[in-house]
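Residue-level structure breakdown
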Amino acid sequence: MSARLDHQQVLDTIRSCLPADHQSAALHEPLFLGNEWKYVKDCIDTGWVSTAGEYVGRFEKMLAEYTGAKYAVAAVNGTAALHICLLVAGVRAGDEVLIPSLTFIATANAVNYCGAIPHFADSEERTLGLDPAALAVYLRDIAELRDGVCINRKTGRVIRAVMPMHTFGHPVDMDPLVDLCEEIHLALVEDAAESVGSYYKGRHTGLQGVIAGLSFNGNKTVTTGGGGAIITNDEKLARRAKHLTTTARTPRGYEFVHDEVGFNYRLPNLNAALGVAQLEELPAFVARKRRLTARYAAAFRGVSGARMFTEAPFAKSNYWLNVLLLDESDVRARNALLDFLNANGIGARPVWNLMHELPLYADCPRMNLPVATNLAARIVNIPSSVFLSD
Ligand SMILES: *Cc1c(COP(=O)(O)O)cnc(C)c1O
């Protein structure tokens, strides 16, 4: 069908896009060139290293300003943020939550932490994320509204929510998903862990649904070391998220009063200090990442058997991790390329194994997943660090 991939040509093409002093490059490394050391040192100098400290509030305020969200609540990592998002959106034990099978395991685990069941949906090649049209067709077949609640007729369980994930920074086509969720009464919660700095139709990702979780892990576009956040425009949800992430303690002077089982999910000040410095750099980082991708995309036009994945017309992506999309869906051919690139000092990796193929989630309900299955064997991530754009 397609021309055979020339490994040496792929390697040379990648290298032609990298600076002369980075002809070997890891997949993604953080970059600290602003106030990171100054702010972290300030935490140590003043003794404010843990969850009480002014950088946590500053980080939340900056994040709300940058994304345009009314509220931001910092969390200890992205997985914890997603857990809280699902809880405050109303997900309960025994519910089903629709998520893509093509995602990092945190999406599925967050559902599991609620005692809920992941229900796997297919992806589309245009966005690498959830396919709203295929999902609508599927749900019209297996689901129905009973007393205003969406029921899976096959399992008898409530389908409570949908959690799309913006893969490698590329926004899912949200408008049709918003419509579908309104029609069949599903809570729309976004896994925006990878899409800090990505926009859907001019609006930051994470604000199309009711609430969203972000990640600031060490390999993400900007980092707090480990960390995450929740963003929402809903005051009640924001207040409840803050409450649940801070052990559900109610203010009562010196006393320790907790009104439910909460979580110790608050981000420490040390991490928030790093985050404040990183958020100062974020607009410049996104611009540089987009430049690197443009360079890759132009260079790979001359290569047969693969192309660079680029954003949909409605999207402005942060291009967190660059995607070289192979023509052929063949795991062995993909792995041979990965072996060759890594042996030559180019950090490259495949996309995650599909969630429904992991033994721990193999028994979960799912729709047919032809596109996710096809994409899983074709995606190769190549070096994407901000400083590679120099
Ligand atoms: C990074 C990531 C998360 C959150 O990860 P943490 O390491 O817990 O911050 C969640 N979902 C996806 C898709 C991710 O890539």
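In this text, all values refer to a predicted model and were calculated from it rather than measured experimentally.

This part is about the pairing of strand 2 (residues 96–100). In terms of burial, strand 2 is a largely internal element, 5 of the 5 residues being buried. Burial of strand 2 is two-sided: the residues Glu96, Leu98 and Pro100 facing one way and the residues Val97 and Ile99 facing the other way are all buried. With 5 bridges connecting them, strand 2 and strand 3 (residues 117–121) associate as parallel partners. The partner of Leu98 across the bridge, within strand 3, is His119. Relative to strand 6 (residues 159–162), strand 2 runs parallel, the two sharing 3 bridges. Note that in strand 6 the partner of Leu98 across the bridge is Val162.

Around the ligand there are 15 residues in total, and Gly78, Thr79, Glu194, Ser215 and Lys220 lie nearest to it. One nitrogen or oxygen atom from the main chain of Gly78 is found 2.8 Å from an oxygen atom belonging to the ligand. Thr79 places a side-chain nitrogen or oxygen 2.5 Å from an oxygen atom of the ligand. With the chains in place, 91% of the 390 Å² that the ligand exposes on its own is no longer accessible. The element contributing the most residues to the shell around the ligand is helix 4 (residues 78–88), with 3 residues.

Time to look at the pairing of strand 1 (residues 71–75). Burial within strand 1 is extensive, with 4 of its 5 residues counted as buried. Sheet analysis places strand 1 next to strand 11 (residues 228–232), joined by 5 bridges and oriented antiparallel. Residue Ala75 lies in a different strand from strand 11, and its bridge partner there is Gly228.

Okay, the packing of aromatic side chains next. This structure, assessed with the given rule, holds 7 aromatic pairs. For the pair Tyr200 and Phe314, a centre-to-centre distance of 5.2 Å together with 65° between the ring planes defines the contact as edge-to-face. Here Tyr200, found in strand 8 (residues 199–200), pairs with Phe314, found in the loop between strand 14 (306–308) and strand 15 (315–316); they are 114 residues apart in sequence, far enough to count as distant. On the basis of relative accessibility, which here comes to 14%, the residue Phe314 falls in the buried class. Among the aromatic residues, ring-to-ring pairing joins Phe168, Trp320 and Trp352 into one connected group.

Before going further, it helps to spend a moment on helix 6 (residues 132–142). When we look at burial in helix 6, the residues that qualify are Pro132, Leu135, Ala136, Tyr138, Leu139 and Ile142. Packing partners of the buried residues in helix 6 comprise strand 2, strand 3, strand 4 (143–146), strand 5 (149–152), strand 6 and helix 7 (174–184). Residue Asp131 occupies the N-cap position of helix 6, its side-chain oxygen lying 3.0 Å from the main-chain nitrogen of Ala133.

Thresholds applied
Residues numbered from 1 in each chain as written. Predicted model: local features only at pLDDT ≥ 70, side-chain atom pairs only at ≥ 80, totals over all residues. Heavy atoms only, no water. Buried < 20%, exposed > 50% of the residue type's maximum accessible area, 1.4 Å probe, protein only. Helix = DSSP H or I, 4+ residues; strand = E, 2+ residues; numbered from the N terminus. Pairing = 2+ DSSP bridges. Near = heavy atom within 4 Å. Polar contact = N/O pair within 3.5 Å; in protein donor to acceptor, adjacent residues only side chain to side chain. Areas by Shrake-Rupley, 256 points an atom, 1.4 Å probe, with all protein chains shown as cover. Phe/Tyr/Trp six-rings, centres within 6.5 Å; stacked < 30°, edge-to-face > 60°. Contact = heavy atoms within 4.5 Å.

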